[in-house]
Structures are given as C-alpha cells and as structure tokens.
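Here are the chains, one letter per residue:
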Amino acid sequence: MEIALFSLDGFMFLLRWLHLFFGVIWIGHLYYFNFVQGAFFAETDASTKSNAIQKLVPRALWWFRWGAMFTMLTGVIYLATKGHRDGFEIFATSWGVAILTGSTLGLLMWANVWFVIWPNQKVVIASATQAASGGTALPEAAAAGARAGVASRTNTLFSIPMLFFMGAASHLPMAVNPNANLWIITGVFAVILGALELNALKGKTGVMTTIQGVVTSGFSLAGVLYILIEVLTK
Ligand code: HEM
C-alpha cells in the first residue's frame, strides 16, 4: 500500500504544513503588536502598561520569535529540498522568481525579529521591570523601543508582499523568459529592499506610523514589486 505522506512529496507537504502553522503564529503576533497593542499602550494608564510590558509582552515575544525561527527553518529546508529534487535551475523560473522574492522578504523579517526587535525589546522589558521594583527606568529604553518599533513596522510592510509572493510561487504562473537576465531584477530589488531595510535600522516610521499608512504602503510595495517582475523578466 502506498502512503502519500511517506514519500519525498509527502515530506515536502509536511514541511509546507508546518511552515504555514509557524507562519500563522509569527505573523499573527506581528499583527497583534502592530494593529492592537500599540494603540492600547498609547491610551492606557502607566501602571497597566508597565504590567503588560512585564507580564504580557515577554510571553507574546516568545511565541513571536520562535514562530519566526521555525517558519524560517521549515521554509529554508523546503527550498533546499525542492532545489535538490528539481535541480537548481528551477530558481530561474516563475516559481523561482516568486519564491526568492518572498523568501528574501521573509529572511529580512526574520533577521529584524532576532537581531533588532528582540534585543531592543529586552531593554524595554528590563527598564519597566527595574522601574516597577523601585529603581529608575533605563535611559536607553526609549530609543530601544523606538528602534524596535521601526523594525516592527517595516516587518508589517514587508509581510504584505511576502505573503503575495509566497502564495504566487505555486499559484500564479508568470511568463518569465528563460533567457531573461535575472541579475537586473535582482539588482533593482536589492536597491529597493536595501533602502527599506536601512530605514528599519537607522530611520523613522514615516508613512508607516499609522496602521492605514503601513497597510497601504504594504499593498503598494507588493504592486510595485509585481509590476517590476512582469516588466523586467520578459
Ligand atoms: C522566513 C523565510 C521564509 C522562507 C525561506 C519561506 C519559504 C517558502 C517556500 C520554499 C515555500 C514553498 C513555495 C511553493 O513551492 O509553493 C513557501 C510557501 C509559503 N509560505 Fe513561506 N517562507 C518564509 C516565510 C514565510 C512567512 C513568514 C509566512 C507567513 C505566514 C509564509 C507563508 C507561506 C505561504 C502562505 C506559502 C504558500 C503555501 C502554498 O501555496 O501552498 N512564509 N515559503
């Protein structure tokens, strides 16, 4: 008896399933932080906010960062398995262009979680804990919170085109010319995404400050990246 799940395709399907499970955990928390918690913190009283930073935020951040880690791992293992099974020239197809775009966005987001948001949030949590136990707040906490905020807003911005291209890989066939020079699109995307990531590391939230602003920007970025692919891969 052949059992579908006990094959390479079955293994890849299990990876995809786990990838979606962890992805929901990660992006669910990202949207909770950006769409719910920020507005609540802005209007609640100081002691409720301090309590939440000490007892709620660390729990949410635990699910958030480990969700990110396992989403990334299952995605990368899937990529490697598919490359191994189908040959690495698969990355120069419609599937490849879409999944490499989605994965680049996802990997930038993962790096922002682990190397920007989490280290800065640890400072914010330590500061609130110290202040609540009679000490003084850490002087660097405000800047740390602001930096985590810009990176988090950038991840919300990236998440919208990221989901578009993740889904597009297997469900939106694009007419990518096998003779197209894919270095052009790679260079253009490196400039656009590099500039946005640089802003996450050094800049301000700007148009992403409001929920409407970040969501509108995310859909616009998805549209721009998609049009560039259609134009530059012919
Ligand atoms: C962190 C880096 C990430 C990498 C390297 C990655 C990689 C992949 C790969 C290789 C696929 C399979 C594409 C295919 O053959 O159809 C995929 C699909 C997908 N991924 Fe990701 N991914 C990442 C992050 C995310 C995140 C954060 C989410 C959020 C939920 C996500 C959601 C999806 C979805 C919805 C699909 C489509 C599944 C389908 O069409 O059946 N991915 N990803």
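Further up the page is the structure itself.
Residues numbered from 1 in each chain as written. Predicted model: local features only at pLDDT ≥ 70, side-chain atom pairs only at ≥ 80, totals over all residues. Heavy atoms only, no water.

J.: How should the overall build of the chain be read in this particular structure?
T.: Check the secondary structure of the chain and you find seven helices and zero strands. For the chain, the succession of helices and strands along the chain, N to C, is α-α-α-α-α-α-α. Along the first, second and third principal axes, the C-alpha set of the chain runs to 65 × 45 × 25 Å. Summing over all exposed atoms, the chain offers an accessible surface of approximately 12500 Å²; the carbon and sulfur share of this is 72%. (Helix = DSSP H or I, 4+ residues; strand = E, 2+ residues; numbered from the N terminus. Areas by Shrake-Rupley, 256 points an atom, 1.4 Å probe, with all protein chains shown as cover.)

J.: When you look at the packing of aromatic side chains in this model, what are you seeing that I'm missing?
T.: A ring pair, where both rings are aromatic, is described by two values, the distance of the centres and the angle of the planes. On inspection of all chains with the given rule, the structure shows 14 aromatic pairs. Ring centres of Trp66 and Phe70 lie 6.4 Å apart, and the angle between their planes is 40°; this geometry places the pair in the tilted category. Separated by four residues within a single helix, Trp66 and Phe70 lie in helix α3 (residues 57-86), roughly one turn from each other. Residue Phe70 is classed as partly exposed on the basis of its relative accessible area of 36%. Aromatic side chains Trp66 and Trp114 sit 5.0 Å apart centroid to centroid with 70° between the ring planes, which places their arrangement in the edge-to-face category. With a gap of 48 residues between them, Trp66 in helix α3 and Trp114 in helix α4 (residues 94-132) connect regions that are remote in the sequence. Take Trp66: its relative accessible area is 31%, and that puts it in the partly exposed class. Since its relative accessible area comes to 16%, Trp114 is described here as buried. (Phe/Tyr/Trp six-rings, centres within 6.5 Å; stacked < 30°, edge-to-face > 60°. Buried < 20%, exposed > 50% of the residue type's maximum accessible area, 1.4 Å probe, protein only.)

J.: Before we go on, may I ask you to explain the coordination of the iron atom of the ligand in this structure?
T.: A four-donor tetrahedral metal ideally has 109.5 degree angles, and a six-donor octahedral metal ideally has angles of 90 or 180 degrees. Looking at the iron atom of the ligand, one finds its protein donor set to be His19 (NE2) and Met166 (SD), positioned 2.0 to 2.3 Å from the metal centre. In this structure, the iron atom of the ligand is coordinated by six donor atoms arranged in octahedral fashion, with angles at the metal of 83 to 179°. Note that His19 is positioned in helix α1 (residues 8-43) and Met166 in helix α5 (residues 141-171), a separation of 147 residues in sequence. Of the residues examined, Met166 reaches a relative accessible area of 25% and is grouped as partly exposed. (Donors = N, O, S within 2.8 Å, 3.2 Å for Na, K, Ca; no water. Tetrahedral: all angles 85-135°; square planar, octahedral: opposite > 155°, others 65-115°.)

J.: Help me understand the pattern of salt bridges in this model?
T.: A pair can form between side chains of opposite charge whenever their charged atoms are brought close. What the rule picks out here adds up to three salt bridges. The shortest N-O distance in the salt bridge between Arg85 and Asp86 comes to 2.9 Å. Residue classification places Arg85 among the partly exposed residues on the basis of a relative accessible area of 36%. Accessibility expressed as a relative area gives 31% for Asp86, which makes it partly exposed. Note that Glu230 is salt-bridged to Lys234, the shortest N-O span being 2.9 Å. Because the salt bridges share partners, they merge into one network encompassing Asp9, Arg85 and Asp86. (Salt bridge = Lys/Arg side-chain N within 4 Å of Asp/Glu carboxyl O.)

J.: Which parts of the structure should I look at to understand the site of the ligand?
T.: Close to the ligand lie 22 residues; Arg16, His19, Met166, Ser170 and His171 are nearest. Arg16 places a polar side-chain atom, nitrogen or oxygen, 2.4 Å from an oxygen atom of the ligand. In the environment of the ligand, an oxygen atom lies 2.8 Å from a nitrogen or oxygen atom belonging to the side chain of Trp95. Among the elements of the structure, α1, α3, α4 and α5 are those that each provide at least two residues to the shell around the ligand. Looking at the shell around the ligand residue by residue, the classes come out as 13 nonpolar, eight polar and one charged. (Near = heavy atom within 4 Å. Polar contact = N/O pair within 3.5 Å; in protein donor to acceptor, adjacent residues only side chain to side chain. Nonpolar A, V, L, I, M, F, W, Y, C, P; charged D, E, K, R; others polar.)

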